[in-house]
Amino acid sequence: MRGFLRKALATAALLALTAGAQAKETVVWWDFLGGGDGVRMKKLIEDFNTDHKDTIEIQATTLDWGTPFYSKVQTSAAVGAGPDLMTYHSSRIPLAVGQGTLTEITPEDMTVMGLSEASFAKAPWAAVHVDGKQYAVPFDQHPIVLYYNKDKLAAAGLIGDDGLPKGLNGVDNFAAAMKKLQDGGTKYGLATVTANGDFAYRTFYSLLCQQGGVVGGDGNWLPGDNLQKMVNAVQVEADWVKNGHAPANTDYPSTVALFTTGDAAMMVNGVWEVPTMTDLQAQGKLFNWGVIELPVLFDKPCTYSDSHTFAIPNNKGKPQTPEKHAAVLEVIKWMEDHALFWATAGHIPANKAVTDSAEYKAMQPQATYAPLTANMIYDPQSKFAGVASPLFDAAGNALTPAINGEVDVTTAVTEFRDTLNDLQ
Amino acid sequence: MLKSRKSEVLAAIVLAGPFVALYAWMFIYPTIQMVHLSFQNAPLIGEGTWAGLKNYTKLLSDRTFKTAVWNTAYFVLLTVVPGTAVALAIALMVSRLNGWFQSIILAMFFVPYVLPVTVVYILWDWMVNVQFGVLQPVIALFTGKPVNVWRTIPWFMPGVAIVTIWWTNGFSILLFLAGIRNIPKEIYEAALLDGASRTQVFWRVTWPLLWPVTVLCLTIQLILQLKIFDQVYLFSMGGRTQVTMVMVQYIFEQGFQRNNGGYAATIAVALFVIVVAVSVLQLQAARLRRGT
C-alpha cells in the first residue's frame, strides 16, 4: 500500500511537471477598437495566436470606446480583475497614473523586448512618460487629416501637377475652394463633425497650434492671447457652417456618409477612417480619393494627434507572475514588429523600423500623409486632458453651440476656458 | 400557550430570517455606506478623508445640480402622466379587439419594451438624423428646416420623453388590459340597462374600477422616470451634457468621469430623499382621491 502511494504521488508530480511545461500562458487583452481598425486588430491577434500555438494565447475582448472603457479599467484594476494587457490612449496616461491604474514599464522590460527610445517617433515616446517614468509602449500615432474626393477636386481645378490638392492653404483660399466645389454642384465643400464640440476640438486645437498658440495646463488654460487664438480657430469652423460650406449639427456617422456618398467633397476626420475608404473602394463603391495633412490655414502646419499604446494595468493584489509578464512582453514586441499591417488601419506606426521600411513608404495614401508627424501636437500632460476627458466634455458643452451659430464664439471660448480653470 | 407562541416566533425567524439577512446585506448596508461616503472627500475607489458637511454645502450652490434636478422633474412631468394616459387609451382600444387580432396588435405595442436602450437609441437617432432621418421631412413641415433634435435644447427633453413613452408603454398597457379584464361584465350590462352613454360608462364604471391599476402604473412610472439616465446620456453624448443633465447622469459623471466618489454619493443621497418623498406623497394623494 505504501509503495502504491509513493508511486501514485510520483506519477502525479511528474504529470504536474509536464503539464506545467506544456501549459499555455493566456494573455487577457482588452481594447476599444470597434471600427475598421478593430477588424484589423482582430486579424493581428489571430495571427499572433497562430504563431504561438503552443505557448501563448491572447484572449481578446473589445469594449466600448471612451468613458465606458476607462471606467471599467479603473474599477477592475482596483479590485485585481483587470486584463493582463490593454490598449490605452497616451493622452489618458497622466490621469491613469494619478489613479494608480497603470504598472510602470521598466527599462528591463524594454531591454527584454529589444526596444528603446531610439525605436520610436519622438512625440508618442514623450507621451507615454509621466515624471520620467514610462507607463506604456507606443503603438501608433493617429492625427486628424483631410480626406478629399479627387474627382470633384480635379473638376474644380484644385488638383496640382503632382496629383495632390492645391490652393487650400489660408482661411480665405480654403473657403474659396469650398465655394468653387459647391458651385460645381457638390452639396457641401467639407463635412466635419459639427454636432459634437468634443470631436471638433481636435480641429480647433490644430488651428490654435497653427497660430503658434498653446492650450495651457492645469489652472491656467488658454493663457494670455491664446484665448483670442482659440476664438480665431473656432470662428473658422463657425464661418464654414454659417456660409453653408459645412453642414450644421452633423454627427459622426453622417459626416462619413456625406463624404462617401459624394455630398461633401472633403472631410476632416481621423486617419482611422482610411480602412472605411479602402474597403468601399475594394467593393467598387467609391470615387477616387486621397488623404493629406490638414492645410495650413494660419501661419504654420500643425495637426492634433494622439497615440494608441499598450499598457499593463496595476491589478491590485494580483501582480503578474514572471511567466505571465514575459508572455505580455512577447505580445507587445510581436505587435510592434507587425505594425506594418496596423498601418492599413490608417494609423501611423510609432515603431520607426516600420515607418522607415520600403513597404510602408509604398503604402498609399498612408505614405502621403505620414510626413505630417513632423508637425504634430499632442494633448497637454494633464489629468483633465485626453480623449473623453473633462477637457473634451467642456469642449462639447461650450463649443458645440458656437460652431452652429447659436452662441457668439468669444462667449463660448471664454466659457470653455473658465470651465477648465474651475476643474480641480 | 406560551410555548406555542415561542415556537411561532422561532418559525417566523426561520422563515423571514434569510430574506431579512439578504436585504440587510444587499440593500441596507450599501445605503448606510452611501450616506457615510457622502460625508467624505473620497475617490471612486479607495479610502477617503472625512469632509463633514462640505459635500452638502457644495451641492446647494452647484448650478449643474440644480439643472439636473430641474431636468429630472421636467422629464417626470413629460412622461409619467402623459405616458400613463396614452397607455390607458391604447389598452381601451386593444380591449375592444378579439382573438388573434388582439394578440397581434398587443404584441406590436409590446415589442419596443423588449428592446435594449442602445437599440432604441440607435433607431431613433437615425430616424431623426439631421441629414438622412426619415422623420426630418415631418419636422421640416413645422420648422421649415431640418432640426437636430438632440442638439436643440428646447427639443431635447420632449424628444427623449416621446422616445421613452414609445419604449416603455407596453408594460403599462399590459397592466391596464389585465385591469380591464378584471371588471365584471355584469356591471357594464347593468349600466347599459340603465341607459348610460359610453362616456358615462367610462367615467362611472371603467375609470373608478381601474383606479388601483392607474395608481400602480403611475407609481411604477414615477420611480422609473426619476431614475432616468440611459436615454439622456446616449442622446446627449459629445454635445451639451451640462444643460441636459439629469440626476443619475450627474452621479455617473461625478463618480466615474471625475473620480469624485464622495460627491457622487451626496447627489445619490439627494436623489434617494427625493424618490422617497415623492413616492410617499403620491401614495397619499392616490389614497385621498379614493376617499379612504
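Remember, it's a predicted structure, so these values are computed and weren't measured experimentally.

What counts, and at which threshold
- Residues numbered from 1 in each chain as written.
- Chains lettered and ligands numbered in written order.
- Predicted model: local features only at pLDDT ≥ 70, side-chain atom pairs only at ≥ 80, totals over all residues.
- Contact = placed C-beta atoms within 7 Å.
- Nonpolar A, V, L, I, M, F, W, Y, C, P; charged D, E, K, R; others polar.
- Buried ≥ 20, exposed ≤ 12 C-beta atoms within 10 Å, placed from the backbone.
- Helix = DSSP H or I, 4+ residues; strand = E, 2+ residues; numbered from the N terminus.
- Pairing = 2+ DSSP bridges.
- pLDDT = per-residue confidence, 0-100.
- UniProt positions renumbered as here; feature names shortened; annotations may be inferred.
- Axes fitted to C-alpha atoms, helices over the stretch in contact; angles between N-to-C directions.

K.L.:
Any chance you could explain the interface of chain B and chain A here in plain terms?
P.N.:
If you look at the interface, chain B gives 16 residues, while chain A gives 21 residues. Looking at side-chain class alone, the side of chain B that touches chain A contains 4 nonpolar, 9 polar and 3 charged residues.

K.L.:
What is the right way to look at the pairing of strand β15 (residues 308–311) of chain A in this model?
P.N.:
Note on strand geometry: in a regular strand, side chains alternate between the two faces of the sheet. Residue and element names in this part refer to chain A. By the alternation rule, side chains of β15 split into His 308 and Phe 310 and Thr 309 and Ala 311, which are all buried. Pairing of strand β3 (residues 85–89) with β15 involves 4 bridges; the strand directions are antiparallel. When the sheet's bridge partners are listed, Tyr 88 is paired in β15 with Thr 309. Here strand β6 (residues 137–138) runs beside β15; their pairing, made up of 2 bridges, is antiparallel. Its bridge partner being in β15, Val 137 is matched across the sheet by Phe 310.

K.L.:
What am I meant to see in the environment of Ala 233 of chain A here?
P.N.:
Residues and elements named next belong to chain A. By secondary structure assignment, the location of Ala 233 is in helix α10 (residues 226–242). C-alpha of Ala 233 to C-alpha of Cys 209: the two residues are 24 residues apart in sequence and 9.2 Å apart in space. Beyond its immediate sequence surroundings of up to four residues, Ala 233 is in contact with Phe 204, Leu 207 and Leu 208.

K.L.:
It is not clear to me how the confidence of the model for chain B should be interpreted in this structure. Could you clarify?
P.N.:
Low pLDDT means the predicted atomic positions in that stretch should not be read closely. Within chain B, residue pLDDT values average 90, and 98% of them lie at 70 or more. Model confidence for the complex is summarised by a pTM of 0.86, with the ipTM given as 0.79.

K.L.:
Would you take a moment to explain the UniProt feature "transmembrane region" (unreviewed entry) in chain B for this structure?
P.N.:
The feature "transmembrane region" (unreviewed entry), as annotated in UniProt, sits at residues 9–28, 73–92, 104–124, 155–180, 201–224 and 262–283 of chain B in this numbering. Here residues 155–180 of chain B is 100% helix and 0% strand, with 35 Å between the C-alpha atoms at its ends.

K.L.:
It is not clear to me how the UniProt feature "domain: ABC transmembrane type-1" (unreviewed entry) in chain B should be interpreted in this structure. Could you clarify?
P.N.:
Under the local residue numbering, the UniProt record ascribes the feature "domain: ABC transmembrane type-1" (unreviewed entry) to residues 69–282 of chain B. Regarding residues 69–282 of chain B, the helix share stands at 79% and the strand share at 0%, and the terminal C-alpha atoms are separated by 18 Å.

K.L.:
Even after reading the chapter, I still don't get the sheet that holds strand β8 (residues 144–149) of chain A, so can you show me in this structure?
P.N.:
Through backbone hydrogen bonds, the strands of a sheet pair up, either in parallel or in antiparallel fashion. Residue and element names in this part refer to chain A. Read across the open sheet, the 4 strands follow the order β9-β12-β8-β13; overall the sheet is mixed. Strands with a single pairing partner mark the edges of an open sheet, and in this sheet they are β9 (188–191) and β13 (289–292). Between one strand and the next, the sheet's axes are offset by a mean angle of 20°, whatever the strand orientation. Here β8 runs beside strand β12 (residues 264–270); their pairing, made up of 5 bridges, is antiparallel. Counted as the bridge partner of Leu 146 is Val 268 from β12.

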